[in-house]
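# A closer look at the structure
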Amino acid sequence: MVTRNIDARLERLLAQTAARHSHLCPRQVLGVRLGLAGLRLLDLLGPEEEPFRNPVKRLMTIVETDGCGADGIAVATDCSVGRRTLRVEDYGKLAATLVDTHAGRAVRVWPRPEARALAVARTPDAESDWHAYLLGYQRLAEEELVAYTPVRLRRPLSEILSRPGARAFCARCAEEIMNEREVAGPDGPLCLGCAGSAYYVVEP
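Let me sum up the structure you'll find in this document. Computed from a predicted model, the values in this text were never measured in an experiment.

Here we take up the overall build of the protein chain. Along the backbone of the protein chain there are eight helices and nine strands. The C-alpha extent of the protein chain, read off along each of the three principal axes, is 65 × 45 × 30 Å. Classification of the 204 residues of the protein chain by burial places 40% in the buried group. Intrachain contacts of the protein chain at a sequence separation of at least 6 include 60% that bridge at least 24 residues. Split by element, the accessible area of the protein chain, about 11700 Å² in all, is 51% carbon and sulfur.

And the structure:
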């Protein structure tokens, strides 16, 4: 793992995301840097020696693709699918929206379009473009690497997160539906699959 000339916080987080993959790649670096930038913009990033912790689920993060970059974002933000603090809206973009659920603020972060060329220009001794991205994304200043904008979620947080214990049973398949994801049907609640929004087709 290449981590020369970077701060201790970034180095620590890169080691954590590398452990998930047994290697470190440029998109993991981008993910960590995006997560850190979002935390800083929301005033949630403490001293360098103190890792960000999200025990009370104050932070919710929405990533716009899966893969290595999403793991980097998850490590930096201490968000996870299992704790319902990390969501994937697959737009095919390495971008994320971080939501401070206490303050009601949200910011969307993504890599600047020129970051790739800058990374190559700043690492002329790199053995390949891939290695240039790997090192350059670590070295670029945040303002050179990350673009951002404040945003407002279209759906209220209460609707996204639902209520503890909210559940129903589909009137057609009888499977349990959690988190108020059911839709009204003529004979009772329907799961999204039975309502026509299934991502799968049942084989005969």
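The strand order across the open sheet formed by five strands is β2-β1-β3-β4-β5, and the pairing between neighbours is mixed. This sheet does not close on itself; its edge strands, each paired only once, are β2 (86-88) and β5 (146-150). The sheet shows a mean angle of 20° between the axes of neighbouring strands, taken without regard to direction. Against the sheet, helix α2 (residues 26-41) touches β1 (59-63), β3 (96-100), β4 (105-111) and β5, its axis set at about 150° to β4. Together, β1, β2 and β3 form the strand contacts of helix α3 (residues 68-77), whose direction differs from that of β1 by roughly 170°.

The next subject is the pairing of β4. Looking down a regular strand, the side chains alternate between one sheet face and the other. When β3 meets β4, the two strands line up antiparallel, connected through five bridges. Among the inter-strand pairings, V99 is bridged to a residue of β4, identified as A106. Hairpin geometry of β3 and β4 is characterised by an intervening segment of four residues between the two adjacent antiparallel strands and by a positive phi of about 75° at G104. Here β4 runs beside β5; their pairing, made up of five bridges, is antiparallel. What sits directly across from W110, in β5, is A147.

What follows is about the packing of aromatic side chains. Centre distance and the angle of the planes are the two values used to describe a pair of aromatic rings. Tallied over the entire structure, the rule returns two aromatic pairs. Pairing Y133 with Y137 gives two aromatic rings, centres 5.8 Å apart and planes at 10°, and the pair type is stacked. Taken together, the positions of Y133 and Y137, both in helix α5 (residues 129-139) and four residues apart, correspond to about one turn of that helix. Considered together, Y133 and Y137 belong to a single accessibility category, that of buried residues. Consider the rings of Y199 and Y200, whose centres lie 5.1 Å apart with planes at 85°: the pair is edge-to-face. The exposure class of Y199 is exposed, given its relative accessible area of 80%. Residue Y200 is classed as partly exposed on the basis of its relative accessible area of 43%. Taking the ring centre of Y133 as reference, the NZ or CZ of R116 above it sits at 5.5 Å.

Turning next to the packing of helix α1 (residues 8-21) against α3. For any two helices packed against each other, one specifies the crossing angle of their axes together with the interaxial distance. Between α1 and α3, the least distance of the axes is 9 Å, while the angle of their chain directions is 135°. On the basis of their axis angle, the class for α1 and α3 is oblique. The handedness of the crossing between α1 and α3 comes out as right-handed. Residues L13, Q16, T17, R20 and H21 of α1 touch α3, and the partners they reach there are C68, D71, G72, A74, V75 and A76. Here the contact of α1 with α3 is built from residues that sort into five nonpolar, four polar and two charged.

Moving on: the packing of helix α4 (residues 115-122) against α5. One way to put it is that α4 packs onto α5 with a least axis distance of 8 Å and a crossing angle of 100°. In terms of axis orientation, α4 runs roughly perpendicular to α5. Taken together, the residues of α5 that come into contact with α4 (itself represented by A115, R116, A119, V120 and R122) are D129, A132, Y133, G136, Y137 and R139. Partitioning the contact of α4 with α5 into residue classes produces six nonpolar, one polar and four charged.

Calculation rules
- Residues numbered from 1 in each chain as written.
- Predicted model: local features only at pLDDT ≥ 70, side-chain atom pairs only at ≥ 80, totals over all residues.
- Heavy atoms only, no water.
- Helix = DSSP H or I, 4+ residues; strand = E, 2+ residues; numbered from the N terminus.
- Buried < 20%, exposed > 50% of the residue type's maximum accessible area, 1.4 Å probe, protein only.
- Contact = heavy atoms within 4.5 Å.
- Areas by Shrake-Rupley, 256 points an atom, 1.4 Å probe, with all protein chains shown as cover.
- Pairing = 2+ DSSP bridges.
- Axes fitted to C-alpha atoms, helices over the stretch in contact; angles between N-to-C directions.
- Phe/Tyr/Trp six-rings, centres within 6.5 Å; stacked < 30°, edge-to-face > 60°.
- Lys NZ or Arg CZ within 6 Å of the ring centre and 35° of its normal.
- Parallel < 35°, antiparallel > 145°, perpendicular 65-115°, else oblique.
- Left-handed = near helix turned anticlockwise from the far one by under 90°.
- Nonpolar A, V, L, I, M, F, W, Y, C, P; charged D, E, K, R; others polar.

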